[in-house]
Amino acid sequence: MRGLTQVAQHADDLDRATAFYRDVLGLRHIATYRPPGLAFFDLDGVRLLIEKSAPSAVLYLATDDLEADVARLRAHDVAIVQEPHLVFTDDGTFGTRDKEIRMAAFRDSEGNLLCLMT
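Below: a short report on this structure. Here the structure is a predicted model, which is why all the values come from computation and not from measurement.

So, the nonpolar core
Next, step 1: The biggest cluster of nonpolar side chains holds 25 residues, and the ones touching the most others in it are Tyr21, Leu25, Leu48, Ile50, Leu73 and Phe106.
Next, step 2: For this core, the secondary structure elements donating two or more residues are helix 1 (14-24), strand 3 (38-43), strand 4 (46-51), strand 5 (59-62), helix 2 (66-75), strand 7 (100-107) and strand 8 (113-117).
Next, step 3: Residue contributions to this core peak at five residues, all from helix 1.
Next, step 4: With residues near it in sequence (within four places) discarded, Leu25 still touches Phe20, Leu61, Arg72, Leu73, Phe106 and Leu114.

Structural notes on the packing of aromatic side chains
Centre distance and the angle of the planes are the two values used to describe a pair of aromatic rings.
Next, step 1: Taken as a whole, this structure holds four aromatic pairs when the rule is applied.
Next, step 2: With centroids separated by 5.4 Å and ring planes inclined at 75°, the aromatic side chains of Phe20 and Tyr21 adopt a geometry described as edge-to-face. One exposure class covers both Phe20 and Tyr21, and it is buried.
Next, step 3: Residue classification places Tyr21 among the buried residues on the basis of a relative accessible area of 1%.
Next, step 4: A connected cluster of aromatic rings, assembled from ring pairs, spans Phe20, Tyr21 and Phe41.

Describing the sheet that holds strand 8
Next, step 1: What the four strands build is an open sheet, ordered 5-8-7-6; its pairing is mixed. Two strands close off the open sheet at either side, each with one partner strand: strand 5 and strand 6 (80-89). The mean angle between the axes of side-by-side strands here comes to 25°, regardless of whether they run parallel or antiparallel.
Next, step 2: Pairing analysis gives six bridges linking strand 6 to strand 7, with the strands arranged antiparallel. Across the sheet, the residue bridging to Phe88 is Ile101, located in strand 7.

What about the sheet that holds strand 1 (residues 6-10)?
Next, step 1: Taken together, four strands build an open sheet; the order of strands is 1-4-3-2 and the sheet is mixed. The outermost strands of the open sheet, each flanked by one partner alone, are strand 1 and strand 2 (28-33). The average undirected angle you get between the axes of adjacent strands in this sheet is 25°.
Next, step 2: Those strands touched by helix 1 are strand 1, strand 2, strand 3 and strand 4, and its axis lies near 10° from that of strand 3.

Observations concerning unusual backbone geometry
Next, step 1: Note that the residue after Arg34, namely Pro35, is joined by a cis bond; omega there is -25°.
Next, step 2: Geometrically, the link from Pro35 to Pro36 is a cis peptide bond, its omega value of 10° lying close to zero.
Next, step 3: Mapping Pro36 onto the fold places it in the loop between strand 2 and strand 3.

Brief notes about the pairing of strand 5
Next, step 1: Side-chain alternation along strand 5 places Leu59 and Leu61 on a buried face and Tyr60 and Ala62 on a face that remains uncovered.
Next, step 2: As paired strands, strand 5 and strand 8 are joined by four bridges and run parallel to one another. Note that in strand 8 the partner of Tyr60 across the bridge is Cys115.

The rules behind each value
- Residues numbered from 1 in each chain as written.
- Predicted model: local features only at pLDDT ≥ 70, side-chain atom pairs only at ≥ 80, totals over all residues.
- Heavy atoms only, no water.
- Core = buried A, V, L, I, M, F, W, Y, C linked by side-chain atoms within 4.5 Å.
- Buried < 20%, exposed > 50% of the residue type's maximum accessible area, 1.4 Å probe, protein only.
- Helix = DSSP H or I, 4+ residues; strand = E, 2+ residues; numbered from the N terminus.
- Contact = heavy atoms within 4.5 Å.
- Phe/Tyr/Trp six-rings, centres within 6.5 Å; stacked < 30°, edge-to-face > 60°.
- Pairing = 2+ DSSP bridges.
- Axes fitted to C-alpha atoms, helices over the stretch in contact; angles between N-to-C directions.

Below is the structure:
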């Protein structure tokens, strides 16, 4: 195995979800196929598939500026369900000793939980 190629996320409304991931999160839209009702986005080299039959997944998205991205989401009326907070300080296990790992959580247009992490 070489790595993650694609992850799927549930959407009841493909058009609404496409607008959210493209316009609110700013992900590059790759393609939409109708039928069967699939939308693909680029997540830094990993494909994100949005489709009705996919289960809900918790996506953890990287950010360089947690507070600015949370403010941008609020400006789009996105529900923030967990404010930015410290999760832990890396002991070197995840690459950088003493790096503070911070996170915030929000809901997408379909009610799926997503997290932003530094």
